[in-house]
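Each chain, letter by letter, is given below.
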Amino acid sequence: DAGVIQSPRHEVTEMGQEVTLRCKPISGHNSLFWYRQTMMRGLELLIYFNNNVPIDDSGMPEDRFSAKMPNASFSTLKIQPSEPRDSAVYFCASSLARRNTEAFFGQGTRLTVV
Amino acid sequence: KNEVEQSPQNLTAQEGEFITINCSYSVGISALHWLQQHPGGGIVSLFMLSSGKKKHGRLIATINIQEKHSSLHITASHPRDSAVYICAVRSQGAQKLVFGQGTRLTINP
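Okay, so let's go over this structure. (Residues numbered from 1 in each chain as written. Chains lettered and ligands numbered in written order. Predicted model: local features only at pLDDT ≥ 70, side-chain atom pairs only at ≥ 80, totals over all residues. Heavy atoms only, no water.)

Concerning unusual backbone geometry
The omega torsion across Ser7 of chain A and Pro8 of chain A is -10°, close enough to zero to call that bond cis. With respect to the helices, strands and loops of the structure, Pro8 of chain A is situated in the loop between β1 (5-7) and β2 (10-13). Note the cis peptide between Gln80 of chain A and Pro81 of chain A, where omega equals -5°. Mapped onto the elements of the fold, Pro81 of chain A is located in the loop between β8 (74-79) and β9 (88-95). Phi angles above zero are rare outside glycine, and Asn52 of chain A is one such case at about 75°. Looking at the element boundaries, Asn52 of chain A is found in the loop between β5 (42-50) and β6 (53-56). The backbone of Lys68 of chain B shows a phi angle near 55°, a positive value even though the residue is not glycine. Mapped onto the elements of the fold, Lys68 of chain B is located in the loop between β7 (59-64) and β8 (69-74). (Helix = DSSP H or I, 4+ residues; strand = E, 2+ residues; numbered from the N terminus.)

The structure is reproduced here in structure tokens:
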């Protein structure tokens, strides 16, 4: 398996524009996590899904952020409208939804909002 | 106070030195993870622990559940070990990971 695949790797956009980040989890994994990493706050969970259903979205900063998982092999994180403070590295991770299983991370998407 | 605290925040050492990075947490956990992140790179899982000790090559991870403490050791450190090492815990009954702030390790030749 190619691992967790995220796209794009880098995104530069202007403030106010819509940004969509994409993630393909490892085949067979039924949990998917979106994390954000900044210098100030480190890694933080935004949202996670089990079997395509959002379980915990308490980390989503505000209504400008939304995430979907239409099927077991694809998820999106959308920011609309984007703001400079959204600049960060966004990681997607997947795992099996049972106790004590490893999470596998994608390479991340570095987002810069100017 | 953060749920997961790492020390030190930054560590610089010479090649060959024995390295220890510490992680303390305040909640009951089902598992603790040590992750490695190279500059500009993705995050790689090194270990997942729920008790005792694990070893992989020059890396050793230990956990003391009673003391809510874990350590990551690197023997015979090498410049390629330079990275940020992140401790993360999974609370009992939860799936999400809570992360420490990371320890930036630099190994000089």
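The rest of the description comes next.
A word on the packing of aromatic side chains
All names here are of chain A. Under the defined criterion, the tally for this structure stands at five aromatic pairs over all chains. Note on Phe33 and Tyr35: the rings are 6.0 Å apart at their centroids and 10° apart in plane angle, and the pair reads as stacked. Accessibility expressed as a relative area gives 1% for Phe33, which makes it buried. Ring centres of Phe91 and Phe105 lie 6.5 Å apart, and the angle between their planes is 80°; on these two criteria the pair is classed as edge-to-face. Remark: Phe105 occurs in strand β10 (residues 104-105) and Phe91 occurs in strand β9; sequence separation between them is 14 residues. Among the residues examined, Phe105 registers a relative accessible area of 9% and is labelled buried. (Phe/Tyr/Trp six-rings, centres within 6.5 Å; stacked < 30°, edge-to-face > 60°. Buried < 20%, exposed > 50% of the residue type's maximum accessible area, 1.4 Å probe, protein only.)

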